[in-house]
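The primary structure of each chain is shown beneath.
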Amino acid sequence: VIALRAAQEGHRYPVRIGPVAGGLREQLAGRTVALVSCDRVAATPFGRRVAAEVRRGAAQVLVQRLPDGERGKTLAVLERASVQLLRGGLQRDGCVVALGGGALTDAAGFLAATYMRGIPWIAIPTTLLGMVDAALGGKTAVNLPIAKNAVGAFHPPAAVLADLAALNTLPAREMRSGFGEVLKYGALDPGLLRRAAARAAAGRPDAALVAACVRMKLSCVARDPRERGERKLLNLGHTFGHAVEAAGGFRAFSHGEAVAVGLDFAFRLAARLGRIGPGPVEQMALALRGAGLPTRVSAAIARRAGSHLGYDKKRGSAGLGWVLPVASGRGWRVEWDVGVPEGAVSATLRESVGQGLRRG
Ligand SMILES: NC(=O)c1ccc[n+]([C@@H]2O[C@H](COP(=O)([O-])OP(=O)(O)OC[C@H]3O[C@@H](n4cnc5c(N)ncnc54)[C@H](O)[C@@H]3O)[C@@H](O)[C@H]2O)c1
Ligand SMILES: [Zn+2]
């Protein structure tokens, strides 16, 4: 077991990477627990094991199933769930156990943040993306019909239990998507990139790699819980990545696939600006392609993504502060709030069109 400690704004919580059993029971002793999951994850061997473990540790268990993925991240779903939990007798001294991918932990975390003005919750992420990103850092949210993650709260969990056994049933595309985010941590730390790229090519993380990513996210969050500065590093690859995700209607590209395209974009943009040489660009592209992730998009996606970037910029300072690498002793380091001339962005955009490896 790798035991890490997270700290943000005076709140501390353990992040355990290892078998879920040991960590869970000590958290539950004698409480009423709302076990929030989706049918798909609950039906996996890991899901069943967690449910059994919760039953052993809790005084009472209320099982709550949300619709799968983004469909579970709505206010209507949480209203329904809250009513059922209230009827079931969940009180302020109870807690939520969130079992699932990032969408599920976002929704169940927000449920915990708002139920009776906030009760504790435990995150059990079951996707790679959840383990290295979504379940960490205390951001919880649901979507509105017109915008993702538009309603939410900062509500750090009481514990995060990441058990790699959960990944046994994870579909390959979801695993790849998680590796998009893992390679982002590699892009933030050249010392990590080689190791991350090797595991990504093998299609399976190990506990040490997950722990390295978790440590990086936790240290950014600890130093900058409200994303005013350093936490922005975690958005590397996300400026263009979000634009690609939106351009594909949130269907053509998974989040990690879009981040992969965005990472390649950020490194090429940095090279065009003379911040790094061709070496890091090549290293990054090889790592992404080796993981089976895309680095290029169709002309139509590029055009739509470009107009998303333009739209962001019109919103002013909240818009385009690029997060970009710059050469330094160990290869490169990454800076945030970098201003970039529009011409460099559009030239890099033109280069992004092509037949880079697509999913499938
Ligand atoms: N709060 C944050 O800081 C933060 C950060 C990053 C992403 N997110 C959010 O995370 C979400 C994306 O998370 P995700 O990539 O984990 O996708 P997801 O939660 O939508 O899960 C993807 C699919 O995999 C299934 N699944 C999950 N675990 C499984 C398992 N072990 N075996 C089989 N199937 C499994 C899910 O049911 C779902 O159908 C987005 O909503 C995003 O906004 C939040
Ligand atoms: Zn991301």
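Let me begin by describing the structure that accompanies this report. (Residues numbered from 1 in each chain as written. Chains lettered and ligands numbered in written order. Predicted model: local features only at pLDDT ≥ 70, side-chain atom pairs only at ≥ 80, totals over all residues. Heavy atoms only, no water.)

Bringing the overall build of the protein chain into the picture now. When helices and strands are counted, the protein chain shows 14 helices and 11 strands. C-alpha extents for the protein chain along the principal axes are approximately 60 × 40 × 40 Å. Across the protein chain, every contact between residues at least 6 apart in sequence was considered, and the portion connecting residues at least 24 apart equals 75%. On the protein chain, roughly 15000 Å² of surface is accessible, and the fraction owed to carbon and sulfur atoms is 52%. The protein chain carries 49 positive and 27 negative side-chain charges, and their two centres are separated by 2 Å. (Helix = DSSP H or I, 4+ residues; strand = E, 2+ residues; numbered from the N terminus. Contact = heavy atoms within 4.5 Å. Areas by Shrake-Rupley, 256 points an atom, 1.4 Å probe, with all protein chains shown as cover. Lys, Arg positive; Asp, Glu negative; His and termini not counted. Charge placed at Lys NZ, Arg CZ, Asp CG, Glu CD.)

This paragraph deals with the coordination of the zinc ion (ligand 2). Only E181 (OE), H238 (NE2) and H255 (NE2) from the protein coordinate the zinc ion (ligand 2), and they sit 2.1 to 2.3 Å from it. Linear spacing of the donor residues for the zinc ion (ligand 2) on their chain is E-x56-H-x16-H. In this pair, E181 sits in helix 7 (residues 172–188) while H255 sits in helix 11 (residues 255–272), placing the two residues 74 residues apart along the sequence. Taking the relative accessible area as the measure of exposure, H255 reaches 21% and is therefore partly exposed. (Donors = N, O, S within 2.8 Å, 3.2 Å for Na, K, Ca; no water. Buried < 20%, exposed > 50% of the residue type's maximum accessible area, 1.4 Å probe, protein only.)

Considering the arrangement of structural elements, one finds L233 in the loop between helix 9 (207–223) and helix 10 (238–247). For the pair L233 and L218, spaced 15 residues apart in sequence, the C-alpha separation works out to 12 Å. L233 has contacts with L188, C220, V323, V334, E335 and W336, leaving out every residue within four places of it along the chain.

With that out of the way, let us pick up the packing of aromatic side chains. As enumerated under the stated definition, the model contains three aromatic pairs in all. Ring geometry for F265 against W322: centres 5.7 Å apart, planes inclined by 20 degrees, an arrangement best described as stacked. Of this pair, F265 sits in helix 11 while W322 sits in strand 10 (residues 322–328), and the two are 57 residues apart along the sequence. Here F265 matches W322 in class, with each residue buried. Aromatic side chains F267 and W332 sit 5.4 Å apart centroid to centroid with 90 degrees between the ring planes, which places their arrangement in the edge-to-face category. Here the residue F267 occupies a position in helix 11, and W332 occupies one in strand 11 (residues 331–338), the gap between them amounting to 65 residues. (Phe/Tyr/Trp six-rings, centres within 6.5 Å; stacked < 30°, edge-to-face > 60°.)

Moving on, we come to the state of the cysteines. Across all of its chains, the model carries zero disulfides by this definition. No disulfide involves C95; its nearest neighbouring cysteine sulfur is the one of C38, lying 19 Å away. This cysteine, C213, is not joined by any disulfide, and C220 carries the nearest cysteine sulfur, 12 Å off. (Disulfide = S-S within 2.5 Å.)

Turning to the pattern of salt bridges, a few remarks are in order. Taken as a whole and judged by the stated rule, the model has 20 salt bridges. Salt-bridge contacts for E257 lead to R173; the nearest nitrogen and oxygen are separated by 2.8 Å. A residue pair is termed long-range when its members are at least 10 positions apart, and E257 in helix 11 and R173 in helix 7 qualify at 84 residues. Close ionic contact of R333 with E335 constitutes a salt bridge, the shortest N to O distance being 3.1 Å. Its relative accessible area of 42% is what places R333 among the partly exposed residues. Under the relative-accessibility criterion, E335 is labelled partly exposed at 27%. (Salt bridge = Lys/Arg side-chain N within 4 Å of Asp/Glu carboxyl O.)

So, on to the site of ligand 1. If you check the shell around ligand 1, you find 25 residues, and the closest are R40, D68, E70, T127 and T169. Between A103 and ligand 1, the recorded distance is 2.9 Å, taken from a backbone N or O atom to an oxygen atom. Here a nitrogen atom of ligand 1 sits 2.9 Å away from a polar atom, N or O, in the main chain of K139. Taken by itself ligand 1 offers 860 Å² of open surface, and the protein chains cover 88% of this. Counting residues per element, the ones that place at least two in the shell around ligand 1 are helix 2 (39–42), helix 5 (102–114), helix 6 (128–134) and strand 8 (147–154). The residue inventory of the shell around ligand 1, partitioned by class, reads eight nonpolar, seven polar and 10 charged. (Near = heavy atom within 4 Å. Polar contact = N/O pair within 3.5 Å; in protein donor to acceptor, adjacent residues only side chain to side chain. Nonpolar A, V, L, I, M, F, W, Y, C, P; charged D, E, K, R; others polar.)

Take a nonpolar patch on the surface next. Taken together, the side chains of L75, L144 and I146 make up a nonpolar region of the molecular surface, amounting to roughly 300 Å² of accessible area. For L75, the position within the fold is in helix 4 (residues 75–88). L75 gets classed as partly exposed once you look at its relative accessible area, which sits at 41%. (Patch = residues over 30% accessible without salt bridge, like charges linked within 9 Å, V, L, I, M, F, W, Y side chains within 5 Å.)

Two elements, strand 7 (residues 139–144) and strand 8, share five bridges in a ladder whose sense is antiparallel. Residue pairing in the sheet places T140 in a bridge with A153 of strand 8. In this structure, the hairpin formed by strand 7 and strand 8 is closed by a connection of two residues. (Pairing = 2+ DSSP bridges.)

Before going further, it helps to examine helix 7. Helix length check: helix 7 (17 residues) gives 24 Å between terminal C-alpha atoms against 24 Å at 1.5 Å per residue, within 8%. Counted residue by residue, helix 7 has 13 buried out of 17 residues, so it is predominantly covered. (Expected span 1.5 Å × (residues − 1).)

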